[in-house]
Amino acid sequence: MKKKFLPLFIAMLCTVCLCAFTGCNSGKVVKTEIDEKTCYVFTAKSENFQAGATVADYLKTLKEKGELNYDGYDGEYGLYITAVDGLKEEFSADFTSGKYWSLYLDFTESEGVIYASDNNICEYNGKTYYYANYGFSGIPCLDGHSYILAYVPYGN
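Residues numbered from 1 in each chain as written. Predicted model: local features only at pLDDT ≥ 70, side-chain atom pairs only at ≥ 80, totals over all residues. Heavy atoms only, no water.

Novice: I'm lost on the overall build of the protein in this one. Help?
Specialist: Assigned secondary structure in the protein consists of two helices and 12 strands. Walking the protein from its N terminus toward its C terminus, one meets helices and strands in the order α-β-β-α-β-β-β-β-β-β-β-β-β-β. Relative to its full complement of 156 residues, the protein shows a buried share of 40%. Accessible surface, the protein as shown: approximately 9,600 Å² in total, 54% of it carbon and sulfur. (Helix = DSSP H or I, 4+ residues; strand = E, 2+ residues; numbered from the N terminus. Buried < 20%, exposed > 50% of the residue type's maximum accessible area, 1.4 Å probe, protein only. Areas by Shrake-Rupley, 256 points an atom, 1.4 Å probe, with all protein chains shown as cover.)

Novice: Explain the nonpolar core here, please?
Specialist: A general trend in soluble globular proteins is that nonpolar side chains are found buried together. By size, the foremost hydrophobic cluster in this structure holds 30 residues, and its most contacted members are Leu59, Leu68, Ile81, Leu105, Phe136, Ile139 and Tyr147. Secondary-structure elements contributing two or more residues to this core are strand S2 (37–43), helix H2 (55–64), strand S4 (78–84), strand S7 (98–105), strand S11 (127–132) and strand S12 (146–153). Excluding its chain neighbours within four sequence positions, the residues that come into contact with isoleucine 81 are Leu59, Tyr70, Asp71, Gly72, Glu89, Trp101, Phe136 and Leu149. Listed in part, the 12 residues of the second largest apolar core include Val41, Tyr124, Tyr129 and Ile148. (Core = buried A, V, L, I, M, F, W, Y, C linked by side-chain atoms within 4.5 Å. Contact = heavy atoms within 4.5 Å.)

Novice: Please explain the environment of glutamate 109 as it appears in this structure.
Specialist: The topology assignment puts glutamate 109 in strand S8 (residues 109–110). Setting aside anything within four residues of it in sequence, one finds glutamate 109 in contact with Ile114 and Tyr115.

Novice: How do you make sense of the pairing of strand S3 (residues 70–75) when you look at a structure like this?
Specialist: Every regular strand shows the same layout, with side chains that alternate between the two sheet faces. Pairing of S3 with S4 involves six bridges; the strand directions are antiparallel. In the strand pairing of S4, aspartate 71 is matched with alanine 83. Counting the residues that bridge the hairpin from S3 to S4 gives two residues. (Pairing = 2+ DSSP bridges.)

Novice: What am I meant to see in the side chain of serine 92 here?
Specialist: Looking at the element boundaries, serine 92 is found in the loop between strand S6 (90–91) and S7. A polar contact is formed between the side chain of serine 92 and the side chain of aspartate 94, at a distance of 2.6 Å. A polar atom in the side chain of serine 92 sits 3.1 Å from the backbone nitrogen of threonine 96. (Polar contact = N/O pair within 3.5 Å; in protein donor to acceptor, adjacent residues only side chain to side chain.)

Novice: Help me understand the sheet that holds strand S5 (residues 87–88) in this model?
Specialist: Backbone-to-backbone hydrogen bonds pair the strands of a sheet. The strands run either parallel or antiparallel. Reading across from one edge, S3-S4-S5 is the order of the three strands in this open sheet, with antiparallel pairing throughout. Looking along the sheet, the strands with just one partner apiece sit at the ends: S3 and S5. Strands S3 and S4 of the sheet are contacted by H2, whose axis makes an angle of about 140 degrees with S3. (Axes fitted to C-alpha atoms, helices over the stretch in contact; angles between N-to-C directions.)

Novice: When you look at the confidence of the model for the protein in this model, what are you seeing that I'm missing?
Specialist: Interpretation of this model should avoid reading the predicted coordinates in detail wherever pLDDT is low. A residue-level look at the protein finds 81% of positions with pLDDT of 70 or above and a mean pLDDT of 83. Below a pLDDT of 50 lies the segment residues 5–26, which in the model reaches four contacts outside its immediate sequence neighbourhood of four places, other chains included. (pLDDT = per-residue confidence, 0-100.)

Novice: I would appreciate a short explanation of the environment of proline 140 in the present structure.
Specialist: Here proline 140 lies in the loop between S11 and S12. The contacts of proline 140, once residues within four sequence positions are left out, are Ala53, Thr54, Val55, Phe107, Tyr115 and Tyr147.

Novice: It is not clear to me how the side chain of serine 110 should be interpreted in this structure. Could you clarify?
Specialist: Looking at the secondary structure, you find serine 110 in strand S8. Here serine 110 falls in the buried class, since its relative accessible area comes to 15%. Ignoring any residue separated from it by four or fewer positions in sequence, one finds serine 110 in contact with Tyr115 and Leu142.

Rendered as structure tokens:
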């Protein structure tokens, strides 16, 4: 009886290992905690966006597909996210404390434009992510690159 389950167990173990090492979640939104921050990690897949698309465009596609539930609006500087999965931004009357939704990128520069700096980083699955210098509508969506939508405290 045990010998019948051994091949099945080995096949399942190999599948888990393969997913862990090849990015099984590529293209999917993964909710996680990073440095005590609620985060949503996603990797851009070119079949989900057109050339010249921004992260805001990609987030809208994820929302349309039901892969990410967020509230926000298009303001003067583009997409502004106010809540993700019901977790709403919060801030004091003088804007000195609270939490908001921000973006981290796995790159700092593209085509000569610096989109993020290395003075505020986070680590996830052995990869470094950099705090974006631009809003969601100002960051290009690049095939194969990963992004983190993070719920961060002001001043962080």
